[in-house]
Amino acid sequence: MSEIRDFNKMVLSEVLQAINDEPSLMDKGQPFAFQPHSALAIVFAHAYIPAAKFKLPDGDPPYNKEERKPGMTSSDLLYAIRRNRFSYFVDSTIDQRKREQLFIMLLETVCNDEAKVLLAIKDQKLDLLYPNLTYDLLEQYGYLPTRSEQEKAEAKSKSDMDEKDEVPAESQSHDTASKTRSKPSTKRGTSTRTTKHTTARKTKENVADTQ
């Protein structure tokens, strides 16, 4: 029981890390077993189901990244979810600018680890932070709806594209620069050979005229 009480004191980032490390915590009768409308069910819906994706631009918005630790902030994500604040990010009646402002406000009132989780939920890349929390695993534990084979194939294709897009820009620049340096300059070489050939021909012609 003491272990469960400790779980109850966790912030969302700690809960996700716990079940990432030990998925059996989602078994029936365990602390994080599936419950409809629970905070975890809401998190996983927004983080994995395309129709529930936040209506916000992808990527990190500009916000104050000052060091904040759990227990030293005015809010946490589980509290925000229970207060129905995630609904602001999908409610189409809310002005887009206002929605983005509300999102940044929440980012700046949670600890740094929670902020990373919130950004990953927004971009539906939670499995990059917690690799074991795949759609298939959460589907197995009842947190996500069963997908068809076509939907699985489309999701895999999108995941492969996302991984490809995440190649660091400086790495791409380095590769391009290397290729540019290694490519021989045929134009300059051709010009030099042509000049030598022309000079030799003119010399022969001058000698013939002199004779």
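The structure contained in this document is the topic of the report that follows.

**Describing the packing of helix 5 (residues 96-107) against helix 6 (residues 112-122)**
Argument step 1. Axis separation between helix 5 and helix 6 bottoms out at 9 Å; the angle between their running directions is 150°. Between helix 5 and helix 6, the angle falls in the class roughly antiparallel. The residues of helix 6 that touch helix 5, namely those facing Phe103, Leu106 and Leu107, are Ala115, Leu118, Leu119 and Lys122.
Argument step 2. Among the residues forming the contact of helix 5 with helix 6, the class breakdown is six nonpolar, no polar and one charged.

**Some remarks on the side chain of Asn112**
Argument step 1. Along the chain, the position of Asn112 falls in helix 6.
Argument step 2. You can call Asn112 buried: its relative accessible area is 18%.
Argument step 3. Each residue touching Asn112, except ones within four places of it in the same chain, is listed here: Lys65, Glu66, Glu67 and Arg68.

**Notes on the packing of aromatic side chains**
Argument step 1. Following the criterion strictly, the structure yields nine aromatic pairs and no others.
Argument step 2. Geometrically, the ring pair formed by Phe34 and Tyr143 is edge-to-face, given 5.2 Å between the ring centres and 85° between the ring planes. Residue Phe34 is located in the loop between helix 2 (12-21) and helix 3 (39-48), and its partner Tyr143 is located in the loop between helix 8 (135-140) and helix 9 (149-165); the two are separated by 109 residues in the primary sequence.
Argument step 3. Judged by its relative accessible area of 35%, Phe34 is partly exposed.
Argument step 4. Tyr143 sits in the buried class, given a relative accessible area of 6%.
Argument step 5. Geometrically, the ring pair formed by Phe89 and Phe103 is edge-to-face, given 5.3 Å between the ring centres and 80° between the ring planes. Separated by 14 residues along the polypeptide, Phe89 in the loop between helix 4 (77-82) and helix 5 and Phe103 in helix 5 bring together distant segments of the chain. A single burial state applies to Phe89 and to Phe103, both of which are buried.
Argument step 6. Arg147 extends its terminal NZ or CZ atom over the ring of Tyr135, reaching a point 3.8 Å from the ring centre.

**What about the environment of Arg97?**
Argument step 1. By the secondary structure assignment, Arg97 is in helix 5.
Argument step 2. Taking C-alpha positions, Arg97 is 9.6 Å from Leu56, a pair spaced 41 residues apart along the chain.

**With respect to helix 6**
Residues three or four positions apart in an α-helix share a direction because the helix packs 3.6 residues into each turn.
Argument step 1. Here helix 6 lies mainly inside the structure; nine of its 11 residues are buried.
Argument step 2. Restricting attention to buried positions, one finds in helix 6 the residues Asn112, Glu114, Ala115, Val117, Leu118, Leu119, Ala120, Ile121 and Lys122.
Argument step 3. Residues of helix 6 that are buried sit in contact with helix 2, helix 3, helix 4, helix 5 and helix 7 (126-129).
Argument step 4. Positioned one or two residues after helix 6, Gln124 has a phi angle of 55°, which is positive.

Cut-offs and rules
Residues numbered from 1 in each chain as written. Predicted model: local features only at pLDDT ≥ 70, side-chain atom pairs only at ≥ 80, totals over all residues. Heavy atoms only, no water. Axes fitted to C-alpha atoms, helices over the stretch in contact; angles between N-to-C directions. Helix = DSSP H or I, 4+ residues; strand = E, 2+ residues; numbered from the N terminus. Parallel < 35°, antiparallel > 145°, perpendicular 65-115°, else oblique. Contact = heavy atoms within 4.5 Å. Nonpolar A, V, L, I, M, F, W, Y, C, P; charged D, E, K, R; others polar. Buried < 20%, exposed > 50% of the residue type's maximum accessible area, 1.4 Å probe, protein only. Phe/Tyr/Trp six-rings, centres within 6.5 Å; stacked < 30°, edge-to-face > 60°. Lys NZ or Arg CZ within 6 Å of the ring centre and 35° of its normal.

Keep in mind these values describe shape, not function.
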